[in-house]
Protein chains: 2
Amino acid sequence: MSMEIERKFLVADLPDLSGAEKAVVRQGYLTAPDDSTELRLRQKNDRFFLTLKGGGAMVRVEREAEITAEQFETFWPETDGRRVEKERFTGQLSDGRTFELDVFQGDLAPLQLVEVEFETEAEAMVYTPPDWFGEDVTADKRYKNKTMAINGVPT
Amino acid sequence: MSMEIERKFLVADLPDLSGAEKAVVRQGYLTAPDDSTELRLRQKNDRFFLTLKGGGAMVRVEREAEITAEQFETFWPETDGRRVEKERFTGQLSDGRTFELDVFQGDLAPLQLVEVEFETEAEAMVYTPPDWFGEDVTADKRYKNKTMAINGVPT
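Residues numbered from 1 in each chain as written. Chains lettered and ligands numbered in written order. Predicted model: local features only at pLDDT ≥ 70, side-chain atom pairs only at ≥ 80, totals over all residues. Heavy atoms only, no water.

Draft legend 1. Region of interest: the pattern of salt bridges. Counted according to the given criterion, the structure contains 27 salt bridges over all chains. Lys8 of chain A is the partner of Glu115 of chain A in a salt bridge, and the nearest nitrogen-oxygen pair spans 3.9 Å. In this pair, Glu115 of chain A is assigned in strand β8 (residues 112–118) and Lys8 of chain A in strand β1 (residues 5–11), connecting sequence segments 107 residues apart. Take Glu115 of chain A: its relative accessible area is 14%, and that puts it in the buried class. Across the salt bridge formed by Asp140 of chain B and Arg142 of chain B, the nearest N and O atoms sit 2.8 Å from each other. A relative accessible area of 40% places Arg142 of chain B in the partly exposed class. Because the salt bridges share partners, they merge into one network encompassing Lys86, Arg88, Glu100 and Asp102 of chain A. (Salt bridge = Lys/Arg side-chain N within 4 Å of Asp/Glu carboxyl O. Helix = DSSP H or I, 4+ residues; strand = E, 2+ residues; numbered from the N terminus. Buried < 20%, exposed > 50% of the residue type's maximum accessible area, 1.4 Å probe, protein only.)

Structure follows, in structure tokens:
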């Protein structure tokens, strides 16, 4: 099992992104939140994936297969109302850390979120974000992608 | 929309199947019966399919994509407990009609069911089955493949 130590922020001032790498990401759920199984379609640039997460409180099985664009498009319409579409910019902060900035599209526009990953919890706690970062929403579950797919942008 | 007019029977005496065409069929459900969406994996000989049936009482959307053996095998384990595996023999009766005989494998063995299709309801009603057919179970919903995938062979 892998644990990610991250902090997540709103964006106060979008920085110059000309040096960042851009990816187009869209993901949507074929199943509803109360269903016994979760099936997610995901596109990242020109690659497509189908991921199943099994039920089970303690251990959730995860199975993923790369699929074709055509297979993706066959099922994508059924994710209507349960989607997250975004442009993800990956770049470097002046302190050398990597940021991942999500600029949401579609129903979630114009939301922007930026994440920074840390090696240890101690590092994460003492971190001073750059000026262009906004409010810290790390602990706010309403900003999870899966939650926003159903509920939209927190108000 | 296509309607099939069929009658379904148990098998009293398995006939000589040397002239029949045999296919290996297995199908399993990734979703549970109460989920909002139905996702079914299906193999017929060396071809593989993923089929989604949407919720909705009046109109159920159906979307199907052919998938690879590898994609099939990635998700197949998650259909455990919700499977139908059978050999399907397609052959001709002495009256010229086509029969489809399912010889179930796995948990549903040794069940055998045979179906005959008709052009009209009138034809179906007056039909006299051959001697090797057993009890007529056309109206018995317990013999639907989807029901047996969950509940097993009717007792």
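Draft legend 2. Region of the structure containing the packing of aromatic side chains. All names here are of chain A. Inspection of the entire model under this criterion finds 12 aromatic pairs over all chains. Taken together, a centroid distance of 5.0 Å and an interplanar angle of 50 degrees make the contact between Phe9 and Phe133 tilted. Here Phe9, found in strand β1, pairs with Phe133, found in strand β9 (residues 133–136); they are 124 residues apart in sequence, far enough to count as distant. When its relative accessible area of 1% is taken as the criterion, Phe9 is described as buried. Accessibility expressed as a relative area gives 6% for Phe133, which makes it buried. Residues Phe99 and Trp132 carry aromatic rings whose centres are separated by 5.2 Å and whose planes lie at 80 degrees to one another, so their mutual orientation is edge-to-face. Here the residue Phe99 occupies a position in strand β7 (residues 98–104), and Trp132 occupies one in the loop between α2 (121–126) and β9, the gap between them amounting to 33 residues. The pair Phe99 / Trp132 is uniform in exposure class, with both members buried. (Phe/Tyr/Trp six-rings, centres within 6.5 Å; stacked < 30°, edge-to-face > 60°.)

Draft legend 3. Inspection of the environment of Thr120 of chain B at higher detail. All names here are of chain B. Along the chain, the position of Thr120 falls in the loop between β8 (112–118) and α2 (121–126). For Thr120, a relative accessible area of 35% translates into the label partly exposed. Taking the C-alpha atoms as reference points, Thr120 and Ile5, separated by 115 residues in sequence, lie 6.8 Å from one another.

Draft legend 4. Representation of the pairing of strand β6 (residues 83–92) of chain A in the model. All names here are of chain A. Relative to β6, strand β2 (residues 21–29) is paired through eight bridges, and the arrangement is antiparallel. In the strand pairing of β6, Gly28 is matched with Arg83. Sheet topology note: the β6/β7 ladder contains seven bridges and is antiparallel. By the bridge assignment, Gly91 is partnered in β7 with Phe99. (Pairing = 2+ DSSP bridges.)

Draft legend 5. Main features of the relation of the copies chain B and chain A. Take chain B, turn it by 180 degrees, move it 0.0 Å along the axis, and it overlays chain A with an RMSD of 0.0 Å. Taken together, the rotation angle and the small translation identify this as a two-fold axis. Identified as the residue of chain B closest to the rotation axis by C-alpha distance is Asp35 of chain B, at 2.5 Å. When the interface residues of chain B are mapped onto chain A, 96% of them are again interface residues, pointing to one common binding face. (Least-squares fit on C-alpha atoms with pLDDT ≥ 70 in both. Contact = heavy atoms within 4.5 Å.)

Draft legend 6. Geometry of the nonpolar core. Counting residues in each nonpolar core, the largest one holds 22 residues, and the members touching the most others are Leu30, Leu41 and Leu50 of chain A together with Leu30, Leu41 and Leu50 of chain B. In contact with Leu30 of chain A, other than residues within four places in its own chain, are Leu39, Leu41, Leu50, Phe75, Glu78, Thr79 and Arg82 of chain A together with Thr37, Leu39 and Leu52 of chain B. (Core = buried A, V, L, I, M, F, W, Y, C linked by side-chain atoms within 4.5 Å.)

Draft legend 7. Representation of the side chain of Asn145 of chain B in the model. Secondary-structure assignment places Asn145 of chain B in helix α3 (residues 145–151). Each residue touching Asn145 of chain B, except ones within four places of it in the same chain, is listed here: Gln27, Val84, Lys86 and Phe104 of chain B.

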